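Below are the chains, spelled out letter by letter.
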Protein chains: 2
Amino acid sequence: MAPRVTQQRIAELAGVSQTTVSLVLNGKEDSARIPEATRQRVLDVINETTYVADPAARRLAGQANNLVGIFTYEHAFPSETSDFYTPLLTGIESAAEQLGVDLLMFTSAPVVDGRRKILHERSRLRLADGCLLLGREMDADELQQLSESGYPFVTVGRRDGENIRWVGLDYKSASADLASRIIEAGHRRAVYVHLSLNAESSRDRADGLIERLSSSDVAVETAQLKDVSVEQVLDLVVSAGATVLVVEDPTEAETLHAALRAKGIAVPSQLSMVVLGERSRPQDQAIDFTRLSAPRIALGAAAMALLHETLNGVDEAEEGLPEQQLLPCALIDGSTLAQATAR
Amino acid sequence: MAPRVTQQRIAELAGVSQTTVSLVLNGKEDSARIPEATRQRVLDVINETTYVADPAARRLAGQANNLVGIFTYEHAFPSETSDFYTPLLTGIESAAEQLGVDLLMFTSAPVVDGRRKILHERSRLRLADGCLLLGREMDADELQQLSESGYPFVTVGRRDGENIRWVGLDYKSASADLASRIIEAGHRRAVYVHLSLNAESSRDRADGLIERLSSSDVAVETAQLKDVSVEQVLDLVVSAGATVLVVEDPTEAETLHAALRAKGIAVPSQLSMVVLGERSRPQDQAIDFTRLSAPRIALGAAAMALLHETLNGVDEAEEGLPEQQLLPCALIDGSTLAQATAR
DNA sequence: CGCACATGCTCATGCGCATTAGCAAGGAGG
DNA sequence: CCTCCTTGCTAATGCGCATGAGCATGTGCG
């Protein structure tokens, strides 16, 4: 095993001091006064030896390392969750590449009961300059504690709580806009099937949808597939006399759509459907739901950018990014929302 | 922001020296002689303060950090390549979680001309204890250089070259077995559409397939879709009088299958097809090719395990893992290989 | 000709930890 | 009572780097 090439070694080869090598590599223009000839000599030696600075030493000496931690509350890669994480990671990776930062995935925190805990593994957090938190639901206490410790982080998704930096999606507006379309189509009774309202994103969707519908006196019954069966949802639709079924989760929407077809209920001629989300991977045979489309790749990239700015300060020329920001969602017309007909 | 808690601080609170704290935390039983009372006092203080060691300092002092680097030659997450990387990363993540290691993704190395370079100026490779290298093709020189530097790494996929640790897939055997089925089905002329033979995995497939076919005097014409069009491939099939079309890449296989259908050539009644790979995400409308199926999740996990063993030595009870290992692929009968008929 | 000042570099130090050498105190053995 | 060994701890050092202080030269100016 070849002995490690250090700045000291470079210095010897170039006939200068270790300090000079360090200054050549990262001396500020003003404070360091190294003539071009010396600088070039050092750089030549560095190129010959393919020297790379030891990141551990840099960090110990008080440098940022351009290392951003990624904490996912569930496994990041398996296909069950990849629909959720993959587009975010895509955006994060591409932004990270542009910014020149590496990504530290905190996989060592074991997933217990389907969730990871940050604080248990706080130790590793310190290696990264800051951290991106991903997950549908997060523990507010943990977040608060982390925030108070002064550790820089940004969450992907809007979060309740003080002084937390996040980039989220404007589900509330988009859901309200879809509600408006439902109203314009003349519907008077709706059923909304949602996920757990523990997540801010789910509350935002529910709020946007229901507030708008209620303001036009459209009646809304709600249900959660976690609690009731598909059949019970269909029964609810019938008993409520609903003409439109709004579903938060696109996968559940497909399940319900299939169940409707099996029961002989045609969409949208007999029942309209509206979905408050979208599969991230377009399927070959996907149903063209009337839905909202969330810019998740952009979301990942924006979160990365905000964290980077938090760590490195605002670019001279640029304006600072807002500490909390909602990205707009697109509405997709689709073909599952029709004019309401009396039933 | 609270000042960082260090061993020094712990030492003051416990009324001992920094050395003692370090010894309590990781002194070997024999060399350190700390009475239970002192040990307990130190541990109590550590618990109260939630002290954790700075990983950068540990590394600088020559310690391993349970950090494994992941280097991908292309972007890891976008959907174009995710078919390739996702199953590997799934296996890696789950193995990493079991072993308690974090994953450092080297995203800062910019992708140039579609490829990343391992050894660039600010490479943070050394922050990780060791590294997993993923990619279809790798630069042999870079690999050799890295190997000589003594940096521990394992490549996912078989590699030519001395002293390189890898875990690969036994494409050669599996391809040969598929060739045997082709022979048993009475085919005498074949066309093989493959990817660039720069990759070891592609060479293995080509070798296994062609050696076996040739040994039974089955004629094989080869082509690469990078060089020729789909139409030219179909022309080649006709002009060669082939009764079976073997395709390395599953996506290309789908393209060719569609082209055949468009031309009115029925598979497998008029032309058999055999594929030397598989989409990692089963599509809804996927064609049930006669093919080989590669255990890619297991591959990722095995590579992680080998690297971990390289870094931490062999477990007492266990046998050591081989430094180079091929995992067997499964054969899937499918429905696209039929008995040859005279044309 | 002497002083101020700029230029080009080096010395010394510390980041937080692991580790080696070794010191002081106490007990056993002769 | 002196030696030798053990026990319980600490001082000192170095890992590779960044950085503030500072030391020689040279150069301009009065």
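Description of the structure in this document. All figures in this text were calculated on a predicted structure; none of them were measured in a lab.

**What to know about the relation of the copies chain B and chain A**
Right, so step 1: Here chain B sits on chain A after a turn of 180° about the axis and a move of 0.8 Å along it, with an RMSD of 1.1 Å. Given the turn and translation reported, the copies of this chain are related as if by a two-fold rotation axis. Among all residues of chain B, the minimum C-alpha distance to the rotation axis is found for L104 of chain B, at 1.8 Å.
Right, so step 2: Residue by residue, 91% of the interface of chain B is reproduced at the interface of chain A, so both copies engage with the same surface.

**A closer look at the interface of chain B and chain A**
Right, so step 1: Each partner contributes to the interface: chain B provides 54 residues, whereas chain A provides 55 residues.
Right, so step 2: Overall, the association of chain B and chain A removes approximately 4700 Å² of surface from exposure, summing both partners, and the carbon and sulfur fraction of that is 55%.
Right, so step 3: Where chain B touches chain A, the interface holds five salt bridges.
Right, so step 4: Among the ionic pairs, E97 of chain A bridges to R116 of chain B, the shortest N-O distance being 3.7 Å.
Right, so step 5: Our count for the contact surface shared by chain B and chain A stands at 14 residue pairs in polar contact (both at pLDDT 80 or more).
Right, so step 6: Elements with a contribution of two residues or more to the side of chain B that touches chain A: α4 (55–60), α5 (79–99), β2 (102–105) and α6 (140–148) of chain B.
Right, so step 7: Residues of the side of chain B that touches chain A, tallied by class, amount to 22 nonpolar, 17 polar and 15 charged.
Right, so step 8: Pairing of strand β2 (residues 102–105) of chain A with β2 of chain B involves three bridges; the strand directions are antiparallel.

**Some words on the pattern of salt bridges**
Right, so step 1: Evaluated as defined, the whole model comprises 36 salt bridges over all chains.
Right, so step 2: A salt bridge links E93 of chain B to R116 of chain A; its shortest N-O distance comes to 3.6 Å. Of this pair, E93 of chain B sits in helix α5 while R116 of chain A sits in the loop between β2 and α6 (122–125), which puts the two residues in different chains. Each of the two residues, E93 of chain B as well as R116 of chain A, counts as buried.
Right, so step 3: A salt bridge links E200 of chain A to R159 of chain A, with the nearest nitrogen and oxygen atoms 2.8 Å apart. With a gap of 41 residues between them, E200 of chain A in helix α9 (residues 200–215) and R159 of chain A in the loop between β4 (153–156) and β5 (165–169) connect regions that are remote in the sequence.
Right, so step 4: Taking relative accessible area as the criterion, E200 of chain A reaches 9% and is therefore assigned buried.
Right, so step 5: Overall, the relative accessible area of 5% leaves R159 of chain A in the buried class.
Right, so step 6: One salt-bridge network, in which partners are shared between bridges, spans R158, D160, R203 and D204 of chain A.

**Remarks on the sheet that holds strand β5 (residues 165–169) of chain B**
Right, so step 1: The twelve strands lie next to each other as β11(A)-β5(A)-β4(A)-β3(A)-β1(A)-β2(A)-β2(B)-β1(B)-β3(B)-β4(B)-β5(B)-β11(B), forming an open sheet whose pairing is mixed. Either end of the sheet is taken by a strand with one partner, and the two such strands are β11 (324–327) of chain A together with β11 (324–327) of chain B. On average, each strand axis in the sheet is tilted by 20° relative to the strand beside it, whichever way the strands run.
Right, so step 2: Both strand β1 (residues 67–72) of chain A and β2 of chain A contribute to a ladder of four bridges, which runs parallel. By the bridge assignment, V68 of chain A is partnered in β2 of chain A with L103 of chain A.
Right, so step 3: In the packing of helix α7 (residues 140–148) of chain A onto the sheet, the strands contacted are β3 (130–134) and β4 of chain A, and the crossing angle to β4 of chain A comes to about 155°.
Right, so step 4: Taken strand by strand, helix α12 (residues 296–312) of chain A contacts β1, β3, β4, β5 and β11 of chain A, and its axis lies near 165° from that of β5 of chain A.

**Describing the sheet that holds strand β12 (residues 330–332) of chain A**
Residues and elements named next belong to chain A.
Right, so step 1: Across the sheet, six strands lie side by side as β7-β6-β8-β9-β10-β12; this open sheet has mixed pairing. Of all strands in the sheet, those bounded by a partner on one side alone are β7 (219–224) and β12. For this sheet, the mean inter-axis angle between neighbouring strands, taken without regard to orientation, is 20°.
Right, so step 2: When strand β9 (residues 272–275) meets strand β10 (residues 290–293), the two strands line up parallel, connected through two bridges. Its bridge partner lying in β10, V274 is registered against T290.
Right, so step 3: Contacts from α9 reach β6 (189–194), β7 and β8 (244–247) within the one sheet, and its direction differs from that of β6 by about 175°.
Right, so step 4: Across the sheet, helix α11 (residues 250–263) touches β6, β8 and β9, and the angle it forms with β9 is around 165°.

**Topic: α7 of chain A**
All names here are of chain A.
Right, so step 1: Taken as a whole, α7 has its buried residues at E142, L143, L146 and S147. Taken around the axis of α7, the buried residues stretch over an arc of 135°, which confines them to a single face. Turned more than 90 degrees from where α7 packs its buried face, A140, D141 and E148 sit exposed.
Right, so step 2: One side-chain oxygen at the N-terminal end of α7 lies 2.8 Å from the backbone nitrogen of D141; it belongs to D139.
Right, so step 3: In the segment just after α7, G150 is the residue with positive phi, at about 85°.

**Let's talk about the protein's contact with DNA strand C**
Right, so step 1: Among the 24 residues in the neighbourhood of DNA strand C, the closest are listed as T20, R33 and P35 of chain A together with N26 and Y51 of chain B.
Right, so step 2: Of what DNA strand C places within 4 Å of the protein, 50% of the atoms are sugar or phosphate.
Right, so step 3: Here L60 of chain A contributes a backbone N or O atom positioned 3.0 Å from a base oxygen of DNA strand C.
Right, so step 4: For the surface near DNA strand C, the elements supplying multiple residues, two or more each, are α2 (18–26) of chain A together with α2 (18–26) and α4 of chain B.
Right, so step 5: In terms of residue count, α2 of chain B provides more of the surface near DNA strand C than any other element does, four residues in total.
Right, so step 6: Its residues placed into classes, the surface near DNA strand C shows eight nonpolar, eleven polar and five charged.

**Let's talk about the packing of aromatic side chains**
Residues and elements named next belong to chain A.
Right, so step 1: One pass over the structure, following the stated rule, counts five aromatic pairs over all chains.
Right, so step 2: Aromatic side chains F84 and Y85 sit 4.9 Å apart centroid to centroid with 80° between the ring planes, which places their arrangement in the edge-to-face category.
Right, so step 3: R205 extends its terminal NZ or CZ atom over the ring of Y171, reaching a point 3.9 Å from the ring centre.

**Points about the packing of α2 of chain A against helix α3 (residues 36–49) of chain A**
Residues and elements named next belong to chain A.
Right, so step 1: Taken N-terminus to C-terminus, the directions of α2 and α3 make an angle of 90°; their axes are 10 Å apart at the nearest point. In terms of orientation, α2 and α3 fall into the roughly perpendicular class. Across from T20, V21, V24 and L25 in α2, the residues of α3 making contact are T38, R39, V42, L43 and I46.
Right, so step 2: Across the contact of α2 with α3, the residue classes break down as six nonpolar, two polar and one charged.

Quick notes on the rules
Residues numbered from 1 in each chain as written. Chains lettered and ligands numbered in written order. Predicted model: local features only at pLDDT ≥ 70, side-chain atom pairs only at ≥ 80, totals over all residues. Heavy atoms only, no water. Least-squares fit on C-alpha atoms with pLDDT ≥ 70 in both. Contact = heavy atoms within 4.5 Å. Buried area = accessible area lost by both parts, 1.4 Å probe. Salt bridge = Lys/Arg side-chain N within 4 Å of Asp/Glu carboxyl O. Polar contact = N/O pair within 3.5 Å; in protein donor to acceptor, adjacent residues only side chain to side chain. Helix = DSSP H or I, 4+ residues; strand = E, 2+ residues; numbered from the N terminus. Nonpolar A, V, L, I, M, F, W, Y, C, P; charged D, E, K, R; others polar. Pairing = 2+ DSSP bridges. Buried < 20%, exposed > 50% of the residue type's maximum accessible area, 1.4 Å probe, protein only. Axes fitted to C-alpha atoms, helices over the stretch in contact; angles between N-to-C directions. Arc of directions from axis to C-beta. Near = heavy atom within 4 Å. Phe/Tyr/Trp six-rings, centres within 6.5 Å; stacked < 30°, edge-to-face > 60°. Lys NZ or Arg CZ within 6 Å of the ring centre and 35° of its normal. Parallel < 35°, antiparallel > 145°, perpendicular 65-115°, else oblique.

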